[in-house]
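# Structural characterization, general
The residues making up each chain are set out below.
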Amino acid sequence: MCSLAAAHDDLRQGLEQATRGRLLADATPAGGAAVVPIRWSPPYYVANFTIGTPPQPASAIVDVAGELVWTQCSACRRCFKQDLPVFVPNASSTFKPEPCGTAVCESIPTRSCSGDVCSYKGPPTQLRGNTSGFAATDTFAIGTATVRLAFGCVVASDIDTMDGPSGFIGLGRTPWSLVAQMKLTRFSYCLSPRNTGKSSRLFLGSSAKLAGSESTSTAPFIKTSPDDDGSNYYLLSLDAIRAGNTTIATAQSGGILVMHTVSPFSLLVDSAYKAFKKAVTEAVGGAAAPPMATPPQPFDLCFKKAAGFSRATAPDLVFTFQGAAALTVPPAKYLIDVGEEKDTACAAILSMAWLNRTGLEGVSVLGSLQQEDVHFLYDLKKETLSFEPADCSSLP
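Now for a look at the structure at hand. (Residues numbered from 1 in each chain as written. Predicted model: local features only at pLDDT ≥ 70, side-chain atom pairs only at ≥ 80, totals over all residues. Heavy atoms only, no water.)

### Looking at the overall build of the protein chain
- A count of helices and strands for the protein chain gives 6 helices and 26 strands.
- In the protein chain, the share of contacts with a sequence separation of at least 24, taken over all contacts with a separation of at least 6, comes to 68%.
- Only carbon and sulfur atoms are counted for the fraction: they give 53% of the accessible area of the protein chain, which is about 16100 Å². (Helix = DSSP H or I, 4+ residues; strand = E, 2+ residues; numbered from the N terminus. Contact = heavy atoms within 4.5 Å. Areas by Shrake-Rupley, 256 points an atom, 1.4 Å probe, with all protein chains shown as cover.)

Written out as structure tokens, the structure reads:
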């Protein structure tokens, strides 16, 4: 899938093996609850936190599909630009590199040892970049929580698409995500609309709860085995996708939805996207407001906001799930203004064919822009996702 965590796949594979128990036993539980402010930093939602003793500031992309926590470290060379100073391991009295010879180190396929430090090299990523670093542990203060975490300390990278944040916070279904290391049974987040300057929230542990109302929906996660490629993702079984009153995908043609917070755009199975594109084109103006022949990249469907264009007539995009749950994405969340003059509206939804990858047949992705002002609760004990409309900026 589209995840920055792919850069650390070899590290993740090693950490997921039989050695998971030792470092998890070293983790300090966050207690009953934690609240983490997050903010929009185009095109990502980002959290600030600190690492080490004394604390050093860092920031990371919040990745609900992410496999682990990582940040760039001071020995980093050829690394991407970040807003805050790079983490200096030697300045932290609680920093501990993972030594060679341990079960954790031995289980990393691309490990190498230098000076008794367990190093690794990540494979090429969809960002057309590589990373390498070493495994370590240190104290993290994130929101109202303080916890000792295992993380990737990156010392080399040629990724050039993360201008600003220093790494990422993975919340995925892996032993080395923030969720697993803090031993959480639930978490939630609520993303305020982009470019409003309003704060969003990530809730960890018992602070993760919905208001509860008639508008609350609940859908079960798809059960996967640890060997499945998608086991680290939160997958939902789709009954259908509708554009207005038109069904554009069924359980047979597009039965899986992946929750994603790194990708701002949603991606639909190709057949559903083509039907969506047709429905939107006809609804917003037809011949009076035809789509642009050459839309700006990476968009595929754009309109000039001239006479005849009407966002208000575009159809709602509705995802329906097992258990009669339904998530409605109104046009304001997928037809976004682009360009310096804001004179163009583009669909922040693409076809899965845009990824140019095999093995993703029947899979759609719900991106962060389409999740705005909805409070999502991930209950890992009940294996469900619950959600309800919310004014995310007003949540405590």
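### Notes on the packing of aromatic side chains
- The full count for this structure, using the stated rule, is 22 aromatic pairs.
- Seen from their ring centres, Trp70 and Phe80 are 6.1 Å apart, and the 75° between their planes marks the pair as edge-to-face. In this pair, Trp70 sits in strand 4 (residues 69–77) while Phe80 sits in the loop between strand 4 and strand 5 (96–97), placing the two residues 10 residues apart along the sequence. Like Phe80, Trp70 is buried.
- Ring centres of Trp70 and Phe168 lie 5.7 Å apart, and the angle between their planes is 80°; on these two criteria the pair is classed as edge-to-face. (Phe/Tyr/Trp six-rings, centres within 6.5 Å; stacked < 30°, edge-to-face > 60°. Buried < 20%, exposed > 50% of the residue type's maximum accessible area, 1.4 Å probe, protein only.)

### Quick word on the side chain of Thr344
- Inspection of the secondary structure assignment puts Thr344 in strand 22 (residues 344–347).
- Residue Thr344 is classed as buried on the basis of its relative accessible area of 5%.
- Looking at Thr344, its side chain comes within polar contact range of the side chain of Lys304, at 3.3 Å.
- Only 3.3 Å separates the side chain of Thr344 from the side chain of Asp343, close enough to count as a polar contact.
- Once residues lying within four places of it in the same chain are set aside, the contact partners of Thr344 are Met292, Cys302, Phe303, Lys304, Lys305, Ile336, Asp337 and Val338. (Polar contact = N/O pair within 3.5 Å; in protein donor to acceptor, adjacent residues only side chain to side chain.)

### Some details on the state of the cysteines
- Within the structure shown, the criterion is met by 5 disulfides.
- Note that Cys76 is cross-linked by a disulfide to Cys79, the S-S spacing being 1.4 Å. The sign of the -70° torsion about the S-S bond sets the Cys76-Cys79 disulfide as left-handed. (Disulfide = S-S within 2.5 Å.)

### A word on the sheet that holds strand 22
- Strand order across the open sheet formed by 3 strands is 18-22-21, with antiparallel pairing between neighbours. Sheet topology places strand 18 (302–304) and strand 21 (335–338) at the edges, where each strand pairs with a single neighbour. Direction aside, neighbouring strands of the sheet carry axes that sit 30° apart on average.
- Of the strand pairs in this sheet, strand 21 and strand 22 are connected by 4 bridges, and their pairing is antiparallel. Note on strand 22: the bridge partner recorded for Asp337 is Ala345. (Pairing = 2+ DSSP bridges. Axes fitted to C-alpha atoms, helices over the stretch in contact; angles between N-to-C directions.)

### Here's the deal with the pairing of strand 14 (residues 235–243)
- Taken across its 9 residues, strand 14 has 7 buried, putting it largely inside the fold.
- With 3 bridges connecting them, strand 14 and strand 16 (residues 256–259) associate as antiparallel partners. Directly across from Leu236, in strand 16, lies its bridge partner Leu257.
- Pairing of strand 14 with strand 19 (residues 317–321), which is carried by 5 bridges, proceeds in the antiparallel orientation. The residue bridging Leu238 from the neighbouring strand is Phe321, located in strand 19.
- Note that strand 14 and strand 15 (residues 246–250) share 4 bridges and pair antiparallel. Looking at strand 15, one finds that Ala243 is bridged to Thr246.
- Connecting strand 14 to the next strand, strand 15, in antiparallel fashion are 2 residues, including Gly244 with a positive phi near 65°.

### What about helix 5 (residues 270–284)?
- Taking 1.5 Å of rise per residue, the 15 residues of helix 5 would be expected to cover 21 Å, and the 21 Å separating its terminal C-alpha atoms lies within 8% of that figure.
- Taken as a whole, helix 5 has its buried residues at Ala272, Tyr273, Phe276, Ala279, Val280, Thr281 and Val284.
- Immediately downstream of helix 5, the backbone of Gly286 shows phi near 60°, a positive value. (Expected span 1.5 Å × (residues − 1).)

### Description of the pairing of strand 13 (residues 217–220)
- Residues Ser217 and Ala219 of strand 13 are buried on one face, while the alternating residues Thr218 and Pro220, pointing to the opposite face, are not.
- The pairing of strand 13 with strand 26 (residues 384–389) spans 4 bridges and is classified as antiparallel. In the sheet register, Ser217 faces strand 26, and the bridge partner there is Phe387.

### So, the nonpolar core
- With 97 residues, the main nonpolar core has Phe187, Met259, Phe276, Phe319, Phe321 and Tyr378 as its most contacted residues.
- Each of domain 1 (31–207) and domain 2 (217–389) gives at least three residues to this core.
- By size, the runner-up hydrophobic cluster in this structure holds 15 residues, among which are Trp70, Ala150, Phe168 and Val262. (Core = buried A, V, L, I, M, F, W, Y, C linked by side-chain atoms within 4.5 Å. Domains from an automatic or database assignment.)

### Structural notes on the pattern of salt bridges
- Considering all chains together, one arrives at 9 salt bridges under this definition.
- Residues Asp379 and Arg186 are paired through a salt bridge, measuring 3.3 Å at the closest nitrogen-oxygen approach. Note that Asp379 is positioned in strand 25 (residues 374–379) and Arg186 in strand 11 (residues 186–190), a separation of 193 residues in sequence.
- Arg186 gets classed as partly exposed once you look at its relative accessible area, which sits at 23%.
- Between Lys304 and Asp343 there is a salt bridge whose closest N-O contact spans 3.5 Å. A residue pair is termed long-range when its members are at least 10 positions apart, and Lys304 in strand 18 and Asp343 in the loop between strand 21 and strand 22 qualify at 39 residues. (Salt bridge = Lys/Arg side-chain N within 4 Å of Asp/Glu carboxyl O.)

### Some points on unusual backbone geometry
- With omega at -5°, the peptide bond leading from Thr53 into Pro54 counts as cis.
- With respect to the helices, strands and loops of the structure, Pro54 is situated in the loop between strand 2 (44–51) and strand 3 (56–63).
- Along the chain, Gln297 connects to Pro298 via a cis peptide bond; the corresponding omega equals 5°.
- Despite not being glycine, Arg78 has its phi angle at roughly 55°, a positive value.
- Of note, Arg78 is situated in the loop between strand 4 and strand 5.
- Judged by its relative accessible area of 61%, Arg78 is exposed.

Coordinates in, geometry out; function isn't part of it.
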